[in-house]
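# Reading the structure
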Amino acid sequence: MSDTPTNPNPLSSHAAGAAMQRLPVEIFCMILAHLEGDKQAILACAVVSRRWREVSLPYLFTSLIVWESESFDPFFDFLTNHPRIAGCIRTLTLSGEDDRARLSCARFTDVWPKLIRLRHLFLQDLVLHMDRDGSPSHSGDRGAAPESGRILEALELDQVYINRNVPILPTVLNMLSLSAVGLLRVDRIGDSVAPDGDDFVVGRPTRPIAVRHLSVVAPEGSASPAYWSLYKESVQIGTLRLLATFCPSWTSAAALCALLRTHGESILSLDIDLRELMILEEPGAPWLLPPRRWQTLGEGLFSCRHLSSLRLCISYQDKQRLDAHPNVFSELFATEIPPTICEVQIWLKLPRYWDPADEHRPGELWDLSVLDHTLAAESRFPLLQRVRLIIEAWSPVSEAHKFAFVHRVVEREWPRIGDSGMLEFQWYKPKSPDDDEDAELPPQDE
């Protein structure tokens, strides 16, 4: 008897394949949804048959990352010739190499209507190229009106430059013709500072758009006073809910306060990095500081009358600067905190050379103890549920030293908050030096 298996029905495999093709499209979608994230498996499905390919395309091209060293025109040609693929893209990252890749505003405007499902757009390390007349309009019909009313869940700009003396952010917003964006994240952009060091004339938007979350990441440039003036006019009043930013100087802080006074009614969450302002308090520094600076900043912060969450990033006052301005928080919180506050976070960044074995002196956390008297009043803040101190340390800290540090904070700085049961602590170690300045999200609980 032969060991070779026989197929009693040579047509059975063909019949099975034909039966597979007659399955409802929902079955194919369930299979592909199970494979989502495994591009190789989805690609294998796409080459099985024409029907598999049709169903697989939206899953295969949902997210694209395009790297170019010279120009994005070949990619735009691809989208023009394959509009169905363009219609599948939901997340698109256009990234250049060494800030040299050229992105034609006219070409992008042409393909923009084909990206009908796009929700996340990231532009990084590239140069925007304008037409000779400085217009980002269509390269074809110059009289055509740009599409309006588009909504993005996220628009992020990092290391974006431009080939003409025109402002970048208004150029991008006008090029996309947006009506709303969930997250507008602005990192380093090339027109923020002119060669002489003065603020670049950043321009004005054609019209304000709805922005739910504004995140200004880089402490220089995109957080300049001119840019805060631009953000104030670019964001539609009543739409901003979350704001995260740096304060690199007191002039920038004043411009930030102007934005808060305009948009404060709708803001529910603030995340402000105060470290640069605290450095300016160094005793004997040659610069002049404005009077009532911390009170003015506090008035700006708490013009957000419906504020629910407040996070402040502060520096550790080391032994070289223990005589620095002692009343930072006393003056900052001189303005009444809104009773709607539910959570307060203090992100404390310890210096790289911090030694947990050193003797600890009063004043290392400035006058942070003023919050103990302010926030412990339950009648003033009936919604307050949590006060969290996040400690960022570069070097590993033993459990014993963690316990000692936490115990000292509770005993010396926040005894009333500690007794209330609202106080929480977190320890966080940055992954690398590059992650230090860009850390925005709260660390995970230990």
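Within every chain, residues take consecutive numbers counted from 1 along the sequence as written. Per-residue local features of the predicted model are confined to residues with pLDDT of at least 70, and side-chain atom pairs are confined, for both listing and counting, to 80 or more; whole-chain, interface and lining totals are unaffected and use all residues. For side-chain calculations, the full set of non-hydrogen atoms in the structure is used, while hydrogens and water are omitted.

A few words on the pairing of strand 3 (residues 101-104). For two strands to count as paired, DSSP must find a minimum of two bridges between them. Helix numbering and strand numbering both begin at the N terminus, where a helix is a DSSP run of H or I of at least 4 residues and a strand a DSSP run of E of at least 2. The sheet contact formed by strand 3 and strand 4 (residues 120-129) spans four bridges and is parallel. Within strand 4, the position partnered with arginine 102 by the bridge is valine 127. By convention, orient the strands away from the viewer: a clockwise path from the first strand over the helix to the second makes the crossover right-handed. In terms of handedness, the path from strand 3 via helix 7 (residues 105-111) over to strand 4 forms a crossover that is right-handed.

A few words now on the pattern of salt bridges. Only one rule defines a salt bridge in this text: a Lys or Arg side-chain nitrogen within 4 Å of an Asp or Glu carboxyl oxygen. Under the defined criterion, the tally for this structure stands at 16 salt bridges. Residue aspartate 187 is joined to arginine 188 by a salt bridge in which the shortest nitrogen-to-oxygen separation is 3.5 Å. Assessed through its relative accessible area of 34%, arginine 188 is described here as partly exposed. Each of Glu343, Arg386, Arg388 and Glu424 takes part in a single network of salt bridges with overlapping partners. Buried means the residue's accessible area, taken with a 1.4 Å probe over protein chains only, is under 20% of the maximum for its type, while exposed means over 50%, and partly exposed covers the values in between.

Lines fitted to C-alpha atoms define the axes, with helix axes restricted to the stretch in contact, and inter-axis angles between N-to-C directions lie between 0 and 180 degrees. Look at helix 8 (residues 168-176) against helix 9 (residues 225-234): their axes get within 11 Å of each other, and the N-to-C directions meet at 25°. When the axes of helix 8 and helix 9 are compared, the pair comes out roughly parallel. Where helix 8 approaches helix 9, its residues Ile168, Leu169, Pro170 and Leu173 are matched on the opposing element by Tyr227, Leu230, Tyr231 and Ser234. Three categories are distinguished: nonpolar for Ala, Val, Leu, Ile, Met, Phe, Trp, Tyr, Cys and Pro, charged for Asp, Glu, Lys and Arg, and polar for the others, with Gly belonging to the last. A breakdown of the residues in the contact of helix 8 with helix 9 according to their chemical character gives seven nonpolar, one polar and no charged. In these notes the angle categories are as follows: under 35 degrees is roughly parallel, over 145 is roughly antiparallel, 65 to 115 is roughly perpendicular, and the rest is oblique. The contact definition used throughout considers only heavy atoms, calling two residues in contact when any of these lie within 4.5 Å.

Right, let's get into the packing of aromatic side chains. Planes of paired rings set the category: under 30 degrees apart is stacked, over 60 is edge-to-face and the rest tilted, where pairs are Phe, Tyr or Trp rings (Trp by its six-membered ring) whose centres lie within 6.5 Å. Applying the stated criterion across every chain, the model contains ten aromatic pairs. For the ring pair tryptophan 250 and tryptophan 294, a centre distance of 5.0 Å and an interplane angle of 90° mean the geometry is edge-to-face. Pair noted here: tryptophan 250 is in helix 10 (residues 250-263) and tryptophan 294 is in helix 12 (residues 293-301), with a separation of 44 residues, a long-range link. Of the two residues examined, tryptophan 250 and tryptophan 294, each falls in the buried class. When the centroid spacing of 6.1 Å and the interplanar angle of 15° are considered together, the rings of phenylalanine 329 and phenylalanine 333 count as stacked. On the accessibility criterion, phenylalanine 333 (9% relative accessible area) is buried. Cluster of aromatic residues (ring-pair linked, three or more members): Phe75, Phe76, Phe108 and Trp112. Sitting over a ring, as applied to charges here, requires NZ of Lys or CZ of Arg to be within 6 Å of the ring centre and within 35 degrees of the ring normal. The ring of tryptophan 112 is capped by arginine 150, whose NZ or CZ atom sits 4.1 Å from the centre of that ring.

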